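# Analysis of the macromolecular model
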Amino acid sequence: MNLANLPARRRRFLRPSLAAAALCGILGATASFAQEPVKIGFIGTLSGPGGALGQDQYDAFMLAIEQNDGKLGGVPVEVVREDDQLKPDIGVQAATKLLKSEKVDIITGVTFSNVMMAIHKPITDAKVFFIGSNAGPAPIAGKNCSPYFFSTSWDNDMLHEAGGQLASDLGYKNMYVMAANYQAGRDAVSGFKRDYTGNVIDEVYTQVNQPDYSAEIAQLQAAEPDAVYVFYPGGMGVNFVKQYRQAGLLGKLPLISVSTIDGSTLPALKSLAVGAITSAPYAPNIDNAQNKQFVEAFVKAYNRQPSMYAAQSYDAANLIASALKKVDGKLDNKEAVLAALKAADFDSVRGAFKFDSNHFPDAPFYRVDVVEGANGAELQAKTPIVIKTRANFAQQCPMK
Amino acid sequence: MSLTLFVIQSLNGLQLGVLLFLMAAGLTLVFGIMSFVNLAHGSMYMMGAFFAASLYSYTGSFVLAALLLIPAMLALGLAVEWVALRKLYQRDHLDQVLATFGLILFFNEIARIIWGPSPYYMDVPEFLLGAINLFGVRYPAYRFVIIASGLLIALGCYLLIHRTRIGMLIRAGATNRTMVGALGVNIVMLNSLLFALGAVLAGLAGLLAGPIMSVQAGMGEPILILTMVVIVIGGIGSIRGAFYAALIVGVVDTLGRTLLPTLLRSFLERSSADIAGPALASMMIYLLMAVVLAIKPKGLFPVHNS
């Protein structure tokens, strides 16, 4: 997939029209010159156990560009892809490279929160437009927020506030909570507890990328909770759910998860995950026109269902498109670009979408079940989740 | 913690240990005898898991997949040894580390190209679903099979090394490679065979791990690190050492993960215990390794070279 070369090829076709465009310019028309493509840097976790998530983000982002013949908002774009390998230091290297030698105009992507924490400041300090499409650690939604950062996903707490709300709505009195031991895992548990009204029997943190959960599963069985809440993105989720099922628990002891069973892990789990309940910002069956064409195009292009990572990244591409269109591809006037981004004048695959004052979206969440569908296990959005208590990150953010 | 839970956790530790032994056995043979640092051993594990998952989904039979996996891994091991590693035996360890690290990247990329970036599906075979009853303790049947087959393979290794002619040559090679070569043994062939055997063992570990763990590119690295720890604790080049150390590491890691947080909570504040517990638990085996290295730098069960 070498779309990075596309704009270069395109330039040949553009040359004859340049004169015409110049003329338009003299006449005061607003036609864009479109001579230099807008450079967009993509940073994501593309290798290792988290690689599938970043790949989904990248694929969906490129899909939006492909659908528009190498353009976003009518402006040719060039994407420079960087793999952070889920390592903050490599992420910083990638960001530095994009900023200093590639001189990109916009950076998007970022899969994991620890990488986000490391690169958020250097990128926003450089006043480069930064559209995060997954990781949303609390600090950057709160006191460290930046006018240059926009998120098309959520802050980590929000995901789990929805999860906690769901557990309360389902009426489980005693929950057993598990998460991987890193920033997002800690955020997960605190977010969950904010909206969960029942009793948390125990909270357990496991090593990041731990392959075997047999010990923890035996432990949770002994605790006899009403239901279990877990946060294990990527391969960790596959391991956990497989082992949970093999311990004979799935279907007996309700499993509520967030970012664990989704489009990126379901192909590996298949029917093993049937019966699990998840809280998610996205499922392929969400009913709106934008999502319908997205799912169809994504399945056609990549032969798999889009995950929430893909959906959020597709939204990021369309957000960028809407802004580029508004400013006609001219990124010099930063204020104008920021205002255009803030307007979020695009159709989100998630449904209604607008930015809060901290540039994080106010977008819906759903209860999504894993059900046995016509073509095997599939994710099906059931009911919207109404989050009652929100962390007041927007209040902590100086932007108003 | 109740007694039942303790038994289950010990079995879990044993199961992890057995898996680690399969990895460590091959690695320590190659390292101890050829003095060759092979970081790509984890890749053999990963390829084994992918092969097994594919063979299983293709044939529909777990047993058949296991039987077909052995020649497949043998072929892969021989091919890798012949194409890439043979030229590296005489080079120093740093070159070997560099080259085999390259192999890791190569195999991860190959796996991603063939099987895609998402984890690959592999389920427990139907006849091993459910739990078995061990003196009143219910334990997942499949995990029990891992323990049993791991121990069987360990026994096989023991017999091979200590009761056969090839095993005698391997042991002799470990002690004095030049002398064995001078006695007319085809040491090049012995090396290839040994490497292939290591690949088969790693592949079998991949097969056994496939149904319980996520089969995906990069799955070999975390287990490779644990395997290295096992080898260092057990003593480089020693199969017996690898066996005991694998079990020790498996049990220490599992019990550390479950007991430490509880233990810390008994005398620390809840919030500090929740932070210190998982952190300490993940350090346990490395602390163990440090202690072993401090007391017995050659490992607990070193090969006697004198």
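This report concerns the structure included in the present document.

Basis of the calculations
- Counting of residues starts from 1 at the beginning of each chain's written sequence and follows it residue by residue.
- Each chain takes a letter, starting from A, and each ligand takes a number, starting from 1, following the order in which they are written.
- Local features in this predicted model are restricted to residues of pLDDT 70 or higher, and side-chain atom pairs are both shown and tallied only at a pLDDT of 80 or more, whereas totals for entire chains, interfaces and linings draw on every residue.
- Water and hydrogen atoms play no part in the side-chain values, which are based on all heavy atoms of the structure.
- Numbering of helices and strands starts at the N terminus; helices are DSSP runs of H or I of at least 4 residues and strands are runs of E of at least 2.
- Any pair of residues with heavy atoms lying within 4.5 Å of one another is described as a contacting pair.
- Note on areas: these come from Shrake-Rupley sampling with a 1.4 Å probe, and a residue is covered only by the protein chains present in the view.
- For the charge count, each Lys or Arg is scored as positive and each Asp or Glu as negative, with His and the chain ends excluded.
- All charge positions are set by atom: Lys at NZ, Arg at CZ, Asp at CG, Glu at CD.
- Only strands joined by at least two bridges in the DSSP assignment are considered to pair.
- Here an angle of 0 to 180 degrees is reported between the N-to-C directions of two axes, which are lines fitted to C-alpha atoms, with helices fitted over the stretch in contact.
- The buried area of a pairing is the accessible area, by a 1.4 Å probe, that goes missing from both parts when the two are put together, added over both.
- Any carboxyl oxygen of Asp or Glu that lies within 4 Å of a side-chain nitrogen of Lys or Arg is treated as forming a salt bridge with it.
- Residues belong to a common nonpolar core when they are buried Ala, Val, Leu, Ile, Met, Phe, Trp, Tyr or Cys residues joined through side-chain atoms within 4.5 Å.
- Only protein chains enter the calculation, and the probe is 1.4 Å; a residue is then buried if its accessible area is under 20% of its type maximum, exposed if over 50%, and partly exposed in between.
- In protein, a polar contact requires one atom able to donate a hydrogen and another able to accept it; more generally it is a pair of N or O atoms within 3.5 Å, and residues adjacent in sequence count only if both atoms are side-chain atoms.
- Take the number of residues in a helix, subtract one, and multiply by 1.5 Å to get its expected span.
- Here the bend at a residue means the angle between the axes of two seven-residue stretches, the one that ends at it and the one that starts at it.

To continue, consider the overall build of chain B. A count of helices and strands for chain B gives 11 helices and two strands. In chain B, the order of α-helices and β-strands from amino to carboxyl end is α-α-α-α-β-β-α-α-α-α-α-α-α. In chain B, once contacts between residues fewer than 6 apart in sequence are set aside, the share between residues at least 24 apart is 78%. Surface summary for chain B: the accessible area is close to 13400 Å², and the carbon and sulfur share equals 73%. Distance from the positive charge centre (16 side chains) to the negative charge centre (10 side chains) of chain B: 13 Å.

Residue and element names in this part refer to chain A. Spatial ordering of the open sheet is given by β2-β3-β1-β4-β5-β6, a layout of six strands whose pairing is mixed. The strands lining the two open edges of the sheet, one partner per strand, are β2 (71–72) and β6 (149–151). Pairing between strand β1 (residues 38–44) and strand β3 (residues 75–83): seven bridges, direction parallel. When the sheet's bridge partners are listed, Ile 43 is paired in β3 with Glu 82. Against the sheet, helix α13 (residues 334–343) contacts β5 (129–132) and β6, and its axis sits at roughly 15° relative to β5.

A few words on the interface of chain A and chain B. Contacts between the two partners involve 34 residues from chain A and, on the opposite side, 36 residues from chain B. With both sides pooled, the region where chain A packs onto chain B buries about 2900 Å², and carbon together with sulfur makes up 51% of that total. The tally of links from chain A across to chain B stands at three salt bridges. Residue Arg 143 of chain B is joined to Asp 212 of chain A by a salt bridge in which the shortest nitrogen-to-oxygen separation is 3.1 Å.

This part covers the nonpolar core. It is characteristic of soluble globular proteins that their nonpolar side chains tend to be buried jointly. Counting residues in each nonpolar core, the largest one holds 114 residues, and the members touching the most others are Leu 72, Leu 220, Phe 240, Tyr 244 and Phe 294 of chain A. Counting residues in hydrophobic clusters, the runner-up holds 85 residues, among them Met 34, Leu 39, Leu 103 and Met 122 of chain B.

All names here are of chain A. Mapped onto the elements, Met 62 comes out in helix α2 (residues 51–67). With a relative accessible area of 2%, Met 62 lands in the buried category. Expressed as a C-alpha distance, the spacing of Met 62 and Gly 132, which sit 70 residues apart in the sequence, is 15 Å.

This paragraph deals with the side chain of Asp 202 of chain A. Structurally, Asp 202 of chain A can be placed in strand β8 (residues 199–206). Among the polar contacts listed, one links the side chain of Asp 202 of chain A to the side chain of Arg 265 of chain B, at a separation of 2.9 Å. With residues up to four places along the chain from it excluded, the contact list for Asp 202 of chain A reads Met 175, Tyr 176 and Val 177 of chain A together with Arg 265 and Arg 270 of chain B.

As a further point, take helix α10 (residues 239–267) of chain B. For an α-helix the count is 3.6 residues per turn, leaving residues at separations of three or four pointing the same way. Residues and elements named next belong to chain B. Over its 29 residues, α10 runs 40 Å from end to end, which matches the ideal 42 Å to within 8%, given 1.5 Å per residue. Where α10 bends most, the angle comes to about 40°, and this point is Gly 256. Between the side-chain oxygen at the start of α10 and the backbone nitrogen of Gly 241 there is a gap of 2.7 Å, and the oxygen is on Ser 238.

With that settled, consider the sheet that holds strand β9 (residues 227–231) of chain A. All names here are of chain A. In space, the seven strands of this open sheet follow the order β8-β7-β9-β10-β11-β14-β15, with mixed pairing throughout. With partners counted over all chains shown, the strands left at the sheet margins are β8 and β15 (376–385), one partner each. For this sheet, the mean inter-axis angle between neighbouring strands, taken without regard to orientation, is 25°. As paired strands, strand β11 (residues 277–280) and strand β14 (residues 365–373) are joined by four bridges and run antiparallel to one another. Within β14, the residue paired with Ile 277 across the bridge is Asp 369.

Residues and elements named next belong to chain B. Here strand β2 (residues 137–140) shows one buried face, formed by Val 137 and Tyr 139, and one open face, formed by Arg 138 and Pro 140. Of the pairings in the sheet, the one linking strand β1 (residues 131–134) to β2 comprises four bridges and is antiparallel in character. Across the sheet, Ile 132 pairs through a bridge with Tyr 139, a residue of β2. Hairpin connection between β1 and β2: a loop of two residues separates the two successive antiparallel strands, and Phe 135 in this loop has a positive phi of roughly 45°.

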